[in-house]
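Commentary on secondary and tertiary structure
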Amino acid sequence: MTYVITETCIGHVDRSCVRECPVDCIYEGEQQLFINPHECIDCGACEVACPYEAISYESELAEEHAGAMERQELVFAELGRLGGARRYGPLPPRHGGTSEHAETRGLPKGNES
Ligand code: SF4
Ligand code: SF4
């Protein structure tokens, strides 16, 4: 079980959640942020900080947001642990991110192929 960011985040990327995450595991996608389930410690700080109620615990996810968990799992299935969002930067394009991802900027990246 872990926390998940739903599509409610789209258009509201204010990063209030990022500022509260003690392990820096909330990563930047093209349209929304994503929690890395391999790094999240389930503290709940991001859920409280989000002014748009875009973050839920997996087991409390509303039915209309059921796809959010699958999207999160898909984003990080190959990437795994990335060592922190500030250091890593935006996610790669085919993992929900943009062309501004780590590889482009010459920084350490995950094990994407
Ligand atoms: S539950 Fe805690 S560790 Fe997990 S993403 Fe939210 S703030 Fe970060
Ligand atoms: S605080 Fe909520 S709406 Fe804002 S970026 Fe984080 S998840 Fe998205």
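Residues numbered from 1 in each chain as written. Chains lettered and ligands numbered in written order. Predicted model: local features only at pLDDT ≥ 70, side-chain atom pairs only at ≥ 80, totals over all residues.

As a further point, take unusual backbone geometry. In the Ramachandran plot, Asp-42 falls in the positive-phi region, its phi being about 60° despite a non-glycine side chain. Residue position: Asp-42 is located in the loop between strand 3 (33-35) and helix 2 (45-49). On the neighbour-count criterion, Asp-42 (11 C-beta atoms within 10 Å) is exposed. (Helix = DSSP H or I, 4+ residues; strand = E, 2+ residues; numbered from the N terminus. Buried ≥ 20, exposed ≤ 12 C-beta atoms within 10 Å, placed from the backbone.)

Right, let's talk about the site of ligand 1 for a bit. What surrounds ligand 1 is a group of 14 residues, the closest being Cys-21, Cys-40, Cys-43, Ala-45 and Cys-46. For the shell around ligand 1, the residue count by class is 11 nonpolar, 1 polar and 2 charged. (Near = placed C-beta within 6 Å. Nonpolar A, V, L, I, M, F, W, Y, C, P; charged D, E, K, R; others polar.)

This part takes up the environment of Glu-64. Relative to the helices and strands, Glu-64 resides in the loop between strand 4 (55-57) and helix 3 (67-77). Separated by 58 residues in the primary sequence, Glu-64 and Thr-6 place their C-alpha atoms 9.6 Å from one another.

Turning next to the site of ligand 2. In the vicinity of ligand 2 there are 14 residues, among which Cys-9, His-12, Ser-16, Cys-17 and Cys-50 approach most closely. Grouping the amino acids of the shell around ligand 2 by side-chain chemistry returns 10 nonpolar, 2 polar and 2 charged.

A few words on the nonpolar core. Counting 24 residues, the largest nonpolar core has Ile-5, Ile-26 and Tyr-27 as the members making the most contacts within it. Elements supplying a minimum of two residues to this core: strand 1 (3-5), strand 2 (26-28), strand 3, helix 3 and helix 4 (85-88). Other than its neighbours up to four places away in sequence, Ile-26 contacts Cys-17, Val-18, Cys-21, Leu-33, Ile-35, Cys-46 and Ala-85. (Core = buried A, V, L, I, M, F, W, Y, C linked by C-beta atoms within 7 Å. Contact = placed C-beta atoms within 7 Å.)

Let's shift gears to helix 3. Buried residues of helix 3: Ala-68, Gln-72, Val-75 and Phe-76, and no others. Down the axis of helix 3, the buried set is contained in an arc of 80°. They therefore lie on one face. Exposed residues pointing more than 90 degrees away from the buried face of helix 3 are listed as Gly-67, Glu-70, Glu-73 and Ala-77. (Arc of directions from axis to C-beta.)

Attention now moves to the environment of Tyr-57. With respect to the element layout, Tyr-57 can be found in strand 4. C-alpha separation for the pair Tyr-57 and Tyr-3, spaced 54 residues apart in sequence, amounts to 4.3 Å.

The next point concerns the confidence of the model for the protein. Mean pLDDT over the protein stands at 88; residues scoring 70 or higher make up 84%. Confidence over residues 109-113 falls short of pLDDT 50; this stretch has 12 contacts with residues more than four positions distant or in other chains. (pLDDT = per-residue confidence, 0-100.)

Bringing the environment of His-38 into the picture now. Here His-38 shows up in the loop between strand 3 and helix 2. The sequence separation of His-38 and Thr-2 amounts to 36 residues, and the corresponding C-alpha distance is 9.1 Å. Leaving out residues up to four positions away in the same chain, His-38 has contacts with Phe-76, Gly-80 and Arg-81.

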